[in-house]
Structures are given as C-alpha cells and as structure tokens.
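Understanding the architecture of this molecule
Chain by chain, the residues run as shown.
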Amino acid sequence: MTPAAPRLTIATIATGAPMGAQAYQEQVASRAASALAAVDDREWRYRRLVFRSMRSELDGNRRLPLGRVARASVGQRRALGRAIYGGDAVSHRMNLELPPSPHGDVITIHDVVAWRFPDESAAVPAAIEEARRAAAVICVSEFSAHEAVELLGISEPHVVHNGVDPRFFDAAPLDAAARRAHGLPERYVLHAGGATRRKNLEALAEAWPLVHRERPELELLLAGPPHPTRTALFDGMPGTRLVGRLPDEIMPGLVASAEVVVVPSLYEGFGLPALEAMAANVPVVAAATSSLPEVVGGAGILVEPNGAAIAGGLLDATGGSDLGPLVSAGRARAGEFTWERCAEAHARVWAALA
C-alpha cells in the first residue's frame, strides 16, 4: 500500500493590525507548498488554519476562545492540540497562544519580549514548557536564538532570517497626489512601528529637537497604530507629524520617499523596518542593539541607543555627504534576505520531521 502523503498544517491567529510577525506568517505560509516541492521529493498535503476568537469578525477559518486557550493548563492545551492537528505529519503554529501539536510540533520564536518587557503582551503560561518539548524551534535571528536558549532553555533552535517583501525592492517614492492625500511632508525622517518601551521612542524624542534645530526643513514622520506613549512624547513637538497607521499598499512608497529611516529600538528580534528601508534604497540609522547589527551589518549607520547618539547619526545621514556607497551596500545586503530563501529553510525543517 502506498503511504499517504504527509500533511503540513500552518496555524496562525487572525489580527486586525498586522505587524512584522504577521508579515512573516503570510510570506512563509503563501510559499509553503512551493518551498516543500523545491526541497523534498515527496508529495505533501498542505492546509492553513487561521484562528479567530468566538465572536471576531476578522477573516479566518476556525474559531477558538483564544483568551481561555492561552491561559489553559499544559494538559488542557495538549488535549486541544490533539483534536486540532489530527492527521498532520508536521504542525507549525506561528503563535504561541495556539495549543501544541502531538505531531511534529514546530514553533516560531521572534523574540522573548513577553518575558523581558512588562508593557508587552503577557506570556502564555505554558509556552516555555511547550517550547522545550517542541520538535523544532525556528528563530528569526542569531540574537533571538541566543535569547531563546538563555531565557527559555530551548535546545538547538534553527536560525532562519526573515525576508523582505518584494514590493520594497527599488520602490518608487510617492507622488505629490499621494503625499497630499495622506498628509505627508515633502522631506521627512521616518519611524514606523510600535511604541512600547523597547522601541525607545523616549530617546528619539530627546534626539529630534537637536536634529530639527540643524535641519529645520525636515520633519519626523511617525507612523504606527495609535499609542498614548507616542502621542505624549511627540504631539505638539516642532517638526514632527503623527500620521497613525497608514494603508499597507502605500508603505513601500512611504519608505522610499523618506530621507532616512530611523530604528532606535532597545530590542528587536529581527528589525524588518531597517531591512525594508535598505531594499528601498534609503539610508538607515539604527541602534547598535539586539538583532539590528546582525541585520544591518555594515550597510547602515549604527549608533548607541541614546538621544545624543541618535541625533548625531541622523545629522550625519542628512548632512549632504555622499551616501551612495552606503545606500548601494544596503540594497545589496537586503537582496540577501528573500522570503523564498526563508520559506525553503522552513521547508527543510518540516521535511526532516516528517
């Protein structure tokens, strides 16, 4: 009898405010079938489960009481996992809130901020034990792998770097009509992302008056979901503009239109905004912390994560000197981080477990 084709399930949670982790999920999941075909001779079956809460109106194909599941005991979560993933050879759950699979349980750890920073989302109580039992753990950087080993006790995680959305490579700047439609200035430094403590917006708020005094023609454009910390720090500060969360379709042009992208974070598991800027031929000023030196390499301006150093980096980047070689190096480095390469590295992990 011919054995049945092994089945891979990728399980995620629907969200109305996608960020870097959701970009990873969509890019890998959309390439999973082709990546498996490229690295494994077997015929695979593939399904995608997108969970949403019981009353959620978000797109999805399964419902769970997600809050209760996240807080459930280890035994309860295992029992639920047996029901969800029956028939799988490999189950890759990309959110730790989802229960573990008894069949080739694979998880992704982007970072350990839930354990490091009290203002981030609370850790799933069972997550550490489940991560130690997982068949494979994928981390998105050497830094996040080190964190997972040190803090969570994970054994031998696989490091698979993220890719860059192809739309960012050599993206065209926004035209005048698009700028007007979204209330964007002519010349700006861009910060895009969250506003929790690890994003280090306090240091950026300290840096910007020093930059604005020397570069009054520039504005600091802050894009991201509304957050009281961002508003308190920047609302009314001269030379700044808060534009909220902008449509995904304009993000490549928004990045490409920037004079500089600044990533002042104290802690990043990967740092996609830096890589997206490099792909779009925009110079990057990033903090020399966590995963950012690993991602940026020598193709950006790395600074200490304090106001004076961030201001110095931004002034250097906007001082009229020739940044062509740096921008070219950034574009070349970004070209090494593709989602196809990322997906195929995932597929090799999946195939080894089946």
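Small disclaimer: the values here were computed from a predicted structure and weren't measured.

Moving on, we come to the overall build of the protein chain. From N to C terminus, the protein chain includes 15 helices and 13 strands. Counting only C-alpha atoms and orienting by the principal axes, one finds that the protein chain spans roughly 75 × 40 × 40 Å. Taken over 354 residues, the protein chain has a buried fraction of 54%. For the protein chain, contacts bridging at least 24 residues in sequence account for 66% of all contacts bridging at least 6. Counting only carbon and sulfur atoms, one obtains 51% of the accessible surface of the protein chain, whose full area is about 15200 Å². A gap of 8 Å separates the mean positions of the 35 positive and 40 negative side-chain charges of the protein chain.

The next thing to look at is the packing of aromatic side chains. Evaluated as defined, the whole model comprises 4 aromatic pairs. Here the aromatic rings of Tyr24 and Trp339 are separated by 6.4 Å at their centres, their planes lie at 55°, and the arrangement is tilted. Here Tyr24, found in helix 1 (residues 20–39), pairs with Trp339, found in helix 15 (residues 339–353); they are 315 residues apart in sequence, far enough to count as distant. Looking at Tyr24, the relative accessible area reads 0%, which means it is buried. Classification of Trp339 as buried rests on a relative accessible area of 2%.

Along its sequence, the protein chain is carved into domain 1 (7–162 + 338–353) and domain 2 (166–336). Each of domain 1 and domain 2 was reduced to a C-alpha centroid, and the two centroids are 29 Å apart. Summing both partners gives a buried area of about 1800 Å² for domain 1 against domain 2, and 59% of it is carried by carbon and sulfur. One can count 1 salt bridge joining domain 1 with domain 2. A salt bridge links Arg198 to Glu120, with the shortest nitrogen-to-oxygen separation between them at 2.8 Å. Summed over the shared surface of domain 1 and domain 2, the number is 10 residue pairs in polar contact (both at pLDDT 80 or more). Mapped by element, the contributors of at least two residues to the side of domain 1 that touches domain 2 are helix 1, helix 4 (113–116) and helix 6 (142–152). In the side of domain 1 that touches domain 2, the residues fall into 9 nonpolar, 7 polar and 8 charged.

What follows is about the sheet that holds strand 8 (residues 188–192). Read from one edge of the open sheet, 6 strands run 10-9-8-11-12-13, paired in parallel fashion. Of all strands in the sheet, those bounded by a partner on one side alone are strand 10 (240–244) and strand 13 (301–303). Mean inter-strand twist for the sheet, computed between neighbouring axes without regard to direction, equals 25°. Inspection of the sheet shows strand 12 (residues 284–287) paired to strand 13 by 3 bridges, in the parallel sense. Within strand 13, the residue paired with Ala287 across the bridge is Val303. Together, strand 8, strand 11 (260–263) and strand 12 form the strand contacts of helix 11 (residues 272–279), whose direction differs from that of strand 11 by roughly 165°.

Mapped onto the elements, Arg215 comes out in the loop between helix 8 (201–214) and strand 9 (219–223). Although Arg215 lies buried, it forms no salt bridge, and the closest oppositely charged side chain, Glu214, sits 4.8 Å away as judged by the N-O distance. Excluding residues that lie within four positions of it along the chain, Arg215 makes contacts with Leu315, Thr318 and Gly319.

Bringing the UniProt feature "domain: Glycosyltransferase subfamily 4-like N-terminal" (unreviewed entry) in the protein chain into the picture now. The UniProt entry lists residues 106–167 under the feature "domain: Glycosyltransferase subfamily 4-like N-terminal" (unreviewed entry), expressed in the numbering used here. The annotated region residues 106–167 carries 35% helix and 16% strand content, and the separation between its end C-alpha atoms amounts to 29 Å.

To continue, consider helix 13 (residues 307–317). Of the positions making up helix 13, those classed as buried are Gly307, Ile310, Ala311, Gly313, Leu314 and Ala317. Around the axis of helix 13, the buried residues are gathered within 160° of arc, so they sit on the same side. Exposed and facing more than 90 degrees away from the buried side of helix 13 are Ala308 and Asp316. Looking at the buried residues of helix 13, the elements they touch are strand 8, helix 8, strand 11, strand 12 and strand 13. The backbone nitrogen of Ala308 lies 3.3 Å from a side-chain oxygen of the residue at the head of helix 13, namely Asn306.

Okay, the side chain of Arg93 next. Relative to the assigned elements, Arg93 resides in strand 4 (residues 90–93). The residues touching Arg93, leaving out its near neighbours within four places in the chain, are Ala11, Arg77, Tyr85, Leu98, Pro99, Pro100, Ser101, Asp105, Val106, Ile107, Thr108 and Glu130.

Here we take up the nonpolar core. Counting 40 residues, the largest nonpolar core has Leu190, Leu246, Leu254, Val261 and Leu275 as its most contacted members. In terms of residue count, the dominant contributor to this core is helix 11 (6 residues). Those residues in contact with Leu275 that lie beyond four places of it in its chain are Gly163, Val164, Phe270, Val295, Ala334 and Phe337. Counting 26 residues, the second largest nonpolar core, distinct from the first, contains Ala195, Ala205, Ala207 and Trp208.

So, how was this worked out
Residues numbered from 1 in each chain as written. Predicted model: local features only at pLDDT ≥ 70, side-chain atom pairs only at ≥ 80, totals over all residues. Heavy atoms only, no water. Helix = DSSP H or I, 4+ residues; strand = E, 2+ residues; numbered from the N terminus. Buried < 20%, exposed > 50% of the residue type's maximum accessible area, 1.4 Å probe, protein only. Contact = heavy atoms within 4.5 Å. Areas by Shrake-Rupley, 256 points an atom, 1.4 Å probe, with all protein chains shown as cover. Lys, Arg positive; Asp, Glu negative; His and termini not counted. Charge placed at Lys NZ, Arg CZ, Asp CG, Glu CD. Phe/Tyr/Trp six-rings, centres within 6.5 Å; stacked < 30°, edge-to-face > 60°. Domains from an automatic or database assignment. Buried area = accessible area lost by both parts, 1.4 Å probe. Salt bridge = Lys/Arg side-chain N within 4 Å of Asp/Glu carboxyl O. Polar contact = N/O pair within 3.5 Å; in protein donor to acceptor, adjacent residues only side chain to side chain. Nonpolar A, V, L, I, M, F, W, Y, C, P; charged D, E, K, R; others polar. Pairing = 2+ DSSP bridges. Axes fitted to C-alpha atoms, helices over the stretch in contact; angles between N-to-C directions. UniProt positions renumbered as here; feature names shortened; annotations may be inferred. Arc of directions from axis to C-beta. Core = buried A, V, L, I, M, F, W, Y, C linked by side-chain atoms within 4.5 Å.

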